[in-house]
Amino acid sequence: MAAIVGSPPGTPATTPTTEQAPTMYGTNLFAVDDLEISQTINGHNLNSKTVLVSPSEEEYEFLLSALKRRLEEGETLYTVGVGDGDAKGLADDEFEASVATLRSLAISCNADCNLLAKKTVSGGSLAEFLIRKKAESEDFIEVRVAVVGNVDAGKSTLLGVLTHGELDNGRGVARLKLFRHKHEMESGRTSSVGNDILGFDSAGLVVNKPDTHAGHLDWKKICEDSAKVITFIDLAGHERYLKTTVFGMTGHMPDFCMLIVGANAGIIGMCKEHLGLALALNVPVFVVVTKIDMCPPNILQETLKLLQRILKSPGCRKIPVMVQNTDDVVVMATNFSSERVCPIFQISNVSGENLDLLKMFLNLLSARMSFDEKEPAEFQIDDTYSVPGVGTVVSGTTLKGIINLNDTLLLGPDALGHFQPIVIKSIHRKRMPVKYVRGGQTASFSLKKVKRSQIRKGMVMVSSTITPQACWEFEADILILHHPTTISTRYQAMVHCGSIRQTATIVHMSMDCLRTGDKAAVKFHFIKNPEFLRVDQRLVFREGRTKAVGNITKLYHHQPGATLQQHRCKVSKNRGEGPGPLQKDGDGAENGETSSSGARLRPENEPQKPSKRNRGGRHRGNRSKENLLHKPIASLGAVSYVKLPCSGVSLAPSVDSG
């Protein structure tokens with residue numbers, strides 16, 4: 001069993017209990033059997049450990065209906081040999097009969113029953129089985145995993161080894177197939193958000209088979225053969241691309257976060273930043289320590305000790321557990337949704353050591369977030385494309401409801417806060433054409449009669465049955481994680497909220513000033529465009545070394561018909577007392593007066609005179625010609641001289657005639 005780090009030697013990792021099963025993100029599928037308590041048929045307790053030994057026809061039908069309910073999400077884990085009030089374990093003949101009944105139930109549900117772990121206890125044998133529905137043509141379970149860590153930790157190399165099934169040569173050849181840009185291949189550093197997939201069939205086997213010639217993956221074939229697809233969101237590790245990394249963590253909505261730590265370098269650079277970002281967004285984290293084949297044993301132990309100390313610190317409050325065998329993997333996958341346990345894997349991309357344990361753990365991960373398919377459809381856009389012969393294509397995540405082919409949705413908000421109807425021309429999931437997408441799935445849509453220039457990241461597509469409203473201003477309860485000095489009103493920083501990434505100004509605060517560790521209710525105003533927000537949405541507020549997180553508590557909806565300039569004038573406030581030029585703000589108040597919102601317009605926000613150098617136009621040559629054309633010739637004197645640029649000869653081509 002897995003030993004809990006920091007516990008006395010020999011302390012096993014605890015198995016899940018029924019109290020741990022429900023989480024804030026939905027039901028944990030990897031819980032102990034959750035049949036209805038006190039269910040009895042003909043005097044037989046259906047929660048007994050021997051219920052599968054020789055069930056009657058009525059008992060079999062009840063067990064089948066219970067298993068179908070548990071397979072609504074696609075998979076579940078069943079423990080044979082555990083029951084209410086009984087000692088764990090079954091005799092050999094009872095165990096074999098129970099396994100045969102369970103396999104029969106799985107076949108009736110069109111699912112596969114796979115043995116994960118078997119152990120012997122005092123009462124006999126005990127086993128854990130993974131029951132997963134067989135792959136359908138267009139539907140599969142999707143789990144998103146964000147890959148973060150410091151630069152040169154081996155993130156892209158690990159993904160290349162996992163997805164292409166070939167070990168690295170120690171020089172980074174495995175990562176070359178993942179890069180999207182030429183400069184990434186030259187520098188070896190990821191600068192954009194990359195996506196890679198790892199498919200598992202209903203038996204838990206990897207279905208990725210790269211092309212023998214070019215080495216590329218056929219995403220369509222992988223999705224057709226897979227019952228579960230792990231989507232890796234490969235993020236940048238360099239500090240220069242932190243903005244891109246934050247966007248990937250917020251806009252792509254990962255279910256889990258895989259923190260990569262180089263064994264030789266340790267926890268340095270952006271590693272702590274990425275860990276803090278995952279904790280701030282409440283994303284469960286598991287750690288993978290790479291390069292153990294080239295790292296001296298003493299350096300590896302120092303890295304692991306530092307890692308354990310950070311995970312157990314008051315800021316993290318995690319329980320680090322070293323994963324060493326398959327039993328540890330099952331226990332960690334069972335308890336991982338509690339968010340307190342943090343598994344630690346030690347792997348090598350060159351020798352392949354412990355890679356099978358990591359693949360098994362990824363196979364057992366279940367989608368963390370639950371989505372309601374009965375609500376009106378909502379889709380957030382995180383990227384746009386212009387495909388030749390197809391037109392405008394948008395990609396993102398479906399948040400609610402079901403979106404079908406040829407549906408009419410509302411796209412927006414634009415610069416004025418308006419939404420326009422658009423028609424879905426085609427739908428693709430992982431490059432595979434489908435007819436519909438459900439909540440929680442990522443997809444790309446081809447849109448009719450809309451230009452790519454009209455779409456930006458952060459826009460949404462919502463059902464036409466509702467009336468969406470954009471917001472210029474919103475309130476949020478924020479926590480300042482770090483700031484060098486103090487934050488006051490009129491402070492500006494970048495707000496990351498889902499796929500929205502825009503600068504916002506602090507209009508009002510519940511405190512005079514904010515420092516590191518302070519909590520306050522803050523009112524923000526977007527600088528450039530109105531956005532579509534929801535209450536209780538998570539946001540990250542950052543600027544330079546300043547970092548803050550919070551939740552949206554109140555929205556100020558955009559008034560229809562109000563112009564963009566009126567809203568930009570409304571946020572401006574007058575610092576001085578002297579009245580400026582008369583200019584009306586969004587509430588009809590003139591400059592120097594107080595508007596209905598209490599804001600005063602600032603004279604320094606008015607258009608200023610251009611500098612002497614640029615006054616009159618950007619190009620001095622054009623300005624000189626224009627001035628000569630409008631200036632009276634009499635002012636040039638009796639004779640106008642023209643000096644040639646090459647020869648020093650001056651000519652007198654014209655004489656003033658008055």
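This structure is a prediction, so every number in the text was calculated from the model and none was measured.

**Some points on the overall build of the protein**
Thought 1: The number of helices and strands found in the protein is 12 helices and 31 strands.
Thought 2: Across the 658 residues that make up the protein, the buried fraction comes to 49%.
Thought 3: Put simply, 68% of the contacts in the protein that link residues at least 6 apart link residues at least 24 apart.
Thought 4: With the model as given, the accessible surface of the protein reaches about 31900 Å², and the carbon-plus-sulfur share is 51%.

**Looking at the environment of Leu-115**
Thought 1: Structurally, Leu-115 can be placed in strand β6 (residues 111-121).
Thought 2: Note on Leu-115: relative accessible area 47%, which makes it partly exposed.
Thought 3: Taking the C-alpha atoms as reference, Leu-115 lies 6.5 Å from Leu-130; in sequence the two are 15 residues apart.
Thought 4: Apart from residues lying up to four places away in sequence, Leu-115 is in contact with Ala-127, Glu-128 and Phe-129.

**Let's talk about the pattern of salt bridges**
Thought 1: Considering all chains together, one arrives at 12 salt bridges under this definition.
Thought 2: Note that Glu-378 and Arg-534 form a salt bridge whose closest N and O atoms lie 2.6 Å from each other. With a gap of 156 residues between them, Glu-378 in strand β15 (residues 378-387) and Arg-534 in the loop between β27 (519-526) and β28 (538-543) connect regions that are remote in the sequence.
Thought 3: Between Glu-473 and Lys-523 there is a salt bridge, with its nearest N and O atoms 3.3 Å apart. You can see Glu-473 sitting in strand β24 (residues 471-482) and its partner Lys-523 sitting in strand β27, a full 50 residues away along the chain. The exposure classification of Glu-473 matches that of Lys-523, with both residues buried.
Thought 4: Each of Glu-142, Arg-144, Arg-429 and Lys-430 takes part in a single network of salt bridges with overlapping partners.

**Remarks on the sheet that holds β6**
Thought 1: Reading across from one edge, β5-β7-β6 is the order of the three strands in this open sheet, with antiparallel pairing throughout. Edge positions in the sheet fall to β5 (75-80) and β6, since each of these pairs with one other strand and no more. This sheet shows a mean twist of 15° between the axes of neighbouring strands, independent of strand direction.
Thought 2: Seen against the sheet, helix α1 (residues 57-70) touches β5 and β7 (124-133) and runs at an angle of roughly 135° to β5.

**Some details on the pairing of strand β16 (residues 391-400)**
Thought 1: For β16, a buried count of eight out of 10 residues is recorded, marking the element as mostly surrounded by other parts of the structure.
Thought 2: Relative to β16, β15 is paired through nine bridges, and the arrangement is antiparallel. Within the sheet, the bridge partner assigned to Val-387 lies in β16 and is Gly-391.
Thought 3: Taking the residues that link successive antiparallel strands as the turn, the β15-β16 hairpin has three residues, and the phi of Gly-389 there is positive, at about 85°.

**Points about the nonpolar core**
Thought 1: With 43 residues, the main nonpolar core has Phe-232, Met-258 and Phe-286 as its most contacted residues.
Thought 2: If one sorts the elements of this core by residue count, helix α10 (residues 355-364) sits on top with seven residues.
Thought 3: Core analysis: the next-biggest nonpolar cluster, separate from the first, contains 37 residues, Cys-257, Ile-267, Cys-295 and Met-322 among them.

**Looking at the pairing of strand β10 (residues 228-234)**
Thought 1: Most of β10 sits inside the fold, with seven of its seven residues counted as buried.
Thought 2: Along β10, one buried face is formed by Lys-228, Ile-230, Phe-232 and Asp-234 and the opposite face, lined by Val-229, Thr-231 and Ile-233, is buried too.
Thought 3: Judged from the seven bridges that link them, strand β8 (residues 141-149) and β10 form a sheet pairing that is parallel. Looking at the pairing, Val-145 lines up with Phe-232 of β10.
Thought 4: One ladder, built from seven bridges, connects strand β9 (residues 194-200) with β10; its direction is antiparallel. Its bridge partner being in β10, Gly-194 is matched across the sheet by Asp-234.

**Let's talk about the packing of α1 against helix α2 (residues 92-108)**
Thought 1: For the pair α1 and α2, the least separation of the axes is 10 Å and the interaxial angle reads 60°. Taken as axis vectors, α1 and α2 run oblique relative to one another. Two packed elements cross with a definite hand, and for α1 against α2 that hand is right-handed. Here Tyr-60, Leu-63, Leu-64 and Leu-67 of α1 lie close against α2, whose contacting residues are Thr-101, Ser-104, Leu-105, Ala-106 and Ser-108.
Thought 2: Residues that form the contact of α1 with α2 fall into these classes: six nonpolar, three polar and no charged.

**Let's talk about the confidence of the model for the protein**
Thought 1: When pLDDT is averaged across the protein, the result is 80; 76% of the residues are at 70 or more.
Thought 2: Note on residues 573-607: pLDDT under 50 across the span, and 57 contacts to partners over four residues away in sequence or across chains.
Thought 3: Here residues 617-658 is modelled with pLDDT under 50, and outside its nearest four sequence neighbours on either side it reaches 24 contacts, counting other chains as well.

**Topic: the packing of aromatic side chains**
Thought 1: Per the counting criterion, the structure on display carries 12 aromatic pairs.
Thought 2: Plain terms: the ring middles of Phe-345 and Phe-361 are 5.2 Å apart, the flat faces sit at 55° to each other, and that makes the pair tilted. Of this pair, Phe-345 sits in strand β14 (residues 341-346) while Phe-361 sits in helix α10; the two residues are 16 residues apart in sequence, bridging distant segments of the chain.
Thought 3: Phe-345 sits in the buried class, given a relative accessible area of 1%.

**With respect to the sheet that holds strand β11 (residues 256-262)**
Thought 1: The seven strands lie next to each other as β9-β10-β8-β11-β12-β14-β13, forming an open sheet whose pairing is mixed. Each of the sheet's edge strands pairs with one partner strand only, and the pair in question is β9 and β13 (319-322). Looking at each pair of strands side by side, their axes are set apart by 25° on average, direction ignored.
Thought 2: Pairing of strand β12 (residues 285-290) with β14 involves three bridges; the strand directions are parallel. Residue pairing for β14: Val-287 is matched across the bridge by Ile-344.
Thought 3: Contacts from helix α7 (residues 271-280) reach β8, β11 and β12, with the element oriented near 165° to β11.

The rules behind the values
Residues numbered from 1 in each chain as written. Predicted model: local features only at pLDDT ≥ 70, side-chain atom pairs only at ≥ 80, totals over all residues. Heavy atoms only, no water. Helix = DSSP H or I, 4+ residues; strand = E, 2+ residues; numbered from the N terminus. Buried < 20%, exposed > 50% of the residue type's maximum accessible area, 1.4 Å probe, protein only. Contact = heavy atoms within 4.5 Å. Areas by Shrake-Rupley, 256 points an atom, 1.4 Å probe, with all protein chains shown as cover. Salt bridge = Lys/Arg side-chain N within 4 Å of Asp/Glu carboxyl O. Pairing = 2+ DSSP bridges. Axes fitted to C-alpha atoms, helices over the stretch in contact; angles between N-to-C directions. Core = buried A, V, L, I, M, F, W, Y, C linked by side-chain atoms within 4.5 Å. Parallel < 35°, antiparallel > 145°, perpendicular 65-115°, else oblique. Left-handed = near helix turned anticlockwise from the far one by under 90°. Nonpolar A, V, L, I, M, F, W, Y, C, P; charged D, E, K, R; others polar. pLDDT = per-residue confidence, 0-100. Phe/Tyr/Trp six-rings, centres within 6.5 Å; stacked < 30°, edge-to-face > 60°.

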